[in-house]
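# Structural features, examined
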Amino acid sequence: RLLRMINDILDLERLKATHQTLQLESVDFNQLLTDISSRVRSFSSHSLVRLQLDPALPLFQADKDRMIQVMMNLATNAVKFRKMLWSTFLSSIAA
């Protein structure tokens, strides 16, 4: 967690100092959510994280590292601030 926080601060400083460019690549959001849920579960032995993934979801272009950073932040906050015994759902829906 500390390393992630330090990296976030460094990224913010880089953004302030220069215009950082995005590294666009094809991203499988379902795989990204699966990876995020595994990471979140490893932080807390009693975190209830459930996945609901749409297999029809296509790949999309994004900066994968930034997507991981944002989704990790959202997922860890959701787990941290949920009520006891409630599950945290990570889901994808093709529009």
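Check the entry above for the structure.
Let us look at the structure shown here.

Cut-offs and rules
- Residues numbered from 1 in each chain as written.
- Predicted model: local features only at pLDDT ≥ 70, side-chain atom pairs only at ≥ 80, totals over all residues.
- Heavy atoms only, no water.
- 1 Å grid on protein atoms, 1.4 Å probe; cavity = no way out; pocket = protein on both sides within 12 Å on 5 of 7 lines; lining within 4 Å.
- Points joined across faces, edges and corners; volume = space filled by probe spheres on them.
- Helix = DSSP H or I, 4+ residues; strand = E, 2+ residues; numbered from the N terminus.
- Axes fitted to C-alpha atoms, helices over the stretch in contact; angles between N-to-C directions.
- Parallel < 35°, antiparallel > 145°, perpendicular 65-115°, else oblique.
- Left-handed = near helix turned anticlockwise from the far one by under 90°.
- Contact = heavy atoms within 4.5 Å.
- Nonpolar A, V, L, I, M, F, W, Y, C, P; charged D, E, K, R; others polar.
- Expected span 1.5 Å × (residues − 1).
- Buried < 20%, exposed > 50% of the residue type's maximum accessible area, 1.4 Å probe, protein only.
- Arc of directions from axis to C-beta.
- Polar contact = N/O pair within 3.5 Å; in protein donor to acceptor, adjacent residues only side chain to side chain.
- Core = buried A, V, L, I, M, F, W, Y, C linked by side-chain atoms within 4.5 Å.
- Lys, Arg positive; Asp, Glu negative; His and termini not counted.
- Salt bridge = Lys/Arg side-chain N within 4 Å of Asp/Glu carboxyl O.

### Some words on the layout of surface pockets
Counted as a void, the largest pocket has a volume near 190 Å³. What lines the largest pocket is Leu3, Arg4, Asn7, Asp8, Asp11, Asp65, Arg66, Ile68, Gln69 and Met72. If you list the elements that add at least two residues to the lining of the largest pocket, you get α1 (2-17) and α3 (64-80).

### Structural notes on the packing of helix α2 (residues 29-43) against α3
Angle between the axes and distance between the axes are the two parameters that describe a pair of packed helices. Contact geometry of α2 with α3 gives a least axis separation of 10 Å together with a crossing angle of 45°. Here α2 lies oblique to α3, going by the angle between them. Relative to α3, α2 is oriented so that their crossing is right-handed. Touching Phe29, Leu32, Leu33, Ile36, Arg39, Val40 and Phe43 of α2 are Lys64, Met67, Ile68, Met71, Met72, Ala75, Thr76 and Val79, all from α3. In terms of residue class, the contact of α2 with α3 is built from 12 nonpolar, one polar and two charged.

### Points about α3
The end-to-end C-alpha separation of α3 is 24 Å, in line with the 24 Å expected for 17 residues at 1.5 Å each. For α3, the set of buried residues is Ile68, Met71, Met72, Ala75, Thr76 and Val79. The buried residues of α3 occupy one face: seen down the axis, they fall within an arc of 130°. For α3, the capping residue at the N-terminal end is Asp63, with a side-chain oxygen 3.2 Å from the backbone nitrogen of Asp65.

### Some details on the nonpolar core
Core analysis: the biggest nonpolar cluster contains 14 residues, and Leu32, Ile36, Val40, Met71 and Leu90 have the highest contact counts within it. Excluding anything up to four places from it in sequence, Leu90 contacts Leu33, Ile36, Ser37, Val49, Arg50, Leu51, Gln52, Leu53 and Ala75.

### Some remarks on the side chain of Asp54
Topologically, Asp54 is positioned in the loop between β2 (49-52) and β3 (60-63). The buried charged residue Asp54 lacks any salt bridge, with Arg41 as its nearest oppositely charged partner at 18 Å. There is a polar contact of 2.9 Å between the side chain of Asp54 and the backbone nitrogen of Ala94. Sequence-distant contacts of Asp54, defined by excluding residues within four places in its chain, comprise Asn30, Ser92, Ile93 and Ala94.

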